[in-house]
Amino acid sequence: MSIVLTSRLKDPEGQLAHFPAAWKRQHSDSVLAAIREALRKPDAVQSIRDEFVRFTSSATQFWVLLNTPETAEFAGITGELGPHIEELATLNANLKEFIYGLPEAPVGAVELMQALTAHTVIENSWMVTYNYVRILLGDYHKDDMKDWAKPFMLSQGIFWEYLYRQELNMPPNIVASHHDGSFSPGFARFTQHACWPEYIESGEKYPRLKFESSWEDVFGEVSPFTGVTF
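So, a few notes on the structure that sits alongside this text. (Residues numbered from 1 in each chain as written. Predicted model: local features only at pLDDT ≥ 70, side-chain atom pairs only at ≥ 80, totals over all residues. Heavy atoms only, no water.)

### Examining the nonpolar core
Soluble globular proteins: nonpolar side chains tend toward being buried together.
Phase 1: One finds Phe52, Leu65, Leu95, Leu116 and Tyr164 to be the most contacted residues of the largest nonpolar core, which totals 50 residues.
Phase 2: The dominant element in this core, judged by the number of residues it contributes, is helix α7 (residues 149-168), at 10 residues.
Phase 3: Each residue touching Leu95, except ones within four places of it in the same chain, is listed here: Phe62, Ile85, Leu88, Ala89 and Leu116. (Core = buried A, V, L, I, M, F, W, Y, C linked by side-chain atoms within 4.5 Å. Buried < 20%, exposed > 50% of the residue type's maximum accessible area, 1.4 Å probe, protein only. Helix = DSSP H or I, 4+ residues; strand = E, 2+ residues; numbered from the N terminus. Contact = heavy atoms within 4.5 Å.)

### Considerations on the layout of surface pockets
Empty space among the atoms becomes visible once a probe the size of a water molecule is rolled across them.
Phase 1: One number sums up the size of the second largest pocket: a volume of about 150 Å³.
Phase 2: Forming the boundary of the second largest pocket are Ala75, Gly76, Ile158, Asn173, Ile174, Val175, Arg189, His193, Trp215, Glu221 and Pro224.
Phase 3: Across the lining of the second largest pocket, the residue classes tally to six nonpolar, three polar and two charged. (1 Å grid on protein atoms, 1.4 Å probe; cavity = no way out; pocket = protein on both sides within 12 Å on 5 of 7 lines; lining within 4 Å. Points joined across faces, edges and corners; volume = space filled by probe spheres on them. Nonpolar A, V, L, I, M, F, W, Y, C, P; charged D, E, K, R; others polar.)

### Points about α7
Phase 1: Here α7 spans 29 Å end to end across 20 residues, near enough to the 28 Å set by a 1.5 Å rise per residue.
Phase 2: For α7, the buried fraction is high: 16 of the 20 residues fall into the buried class.
Phase 3: Once α7 finishes, Asn169 follows within two positions and takes phi at roughly 60°, a positive value. (Expected span 1.5 Å × (residues − 1).)

### Quick notes on the environment of Ala44
Phase 1: Here Ala44 lies in helix α3 (residues 44-66).
Phase 2: Given a relative accessible area of 18%, Ala44 falls into the buried group.
Phase 3: Residues Ala44 and Thr71, spaced 27 residues apart in sequence, show a C-alpha to C-alpha distance of 35 Å.
Phase 4: Once you skip the residues sitting within four places of it in the chain, Ala44 turns out to touch Ala38, Leu39 and Leu137.

This is the structure we're talking about:
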């Protein structure tokens, strides 16, 4: 497994191609060491799941800001947030913390987007590799319409975009429902998207089935991922 993982980490999905070779070697060593540590845990499958959840959340929180209307791939991820990035940087706590931690604060929207892109590529490389190990461990469904990784990633993007739009006072990216009650439009469906980490970290054998069943129970309609192949 070590040889397979090393090959995978050289340049996962081609995203690290422009990073220095020495940095990529160090990055690969760090990721492999973390994975080996996770695999030594009593429940290696759940340990890998937990790390996949953590890095998916981290990767998608800024990835959704980098989308454009042309690259947005699923309903609820609109690609409309980019032009508001400078305003959002004054409002969102996670974005403020990210900028504060940089060696030099980016100047203007272009530099900020470049910094977010670099961060997202790195976090995505962790996410992709943990997902690769998840599959090696057999924690996946062979039917693409039933595996949970891609729907979870997209749900996280929808989750983050909803929160950003709230902070920007933009219309919601999620369809309103009478279940929203006195909460903001789209809140009921937002809470469903927010449940994925609970399903995955609690050890549900089929997190996607849990999500789809819960969605249907609440709204009386099929979930946005039901029957969709990724």
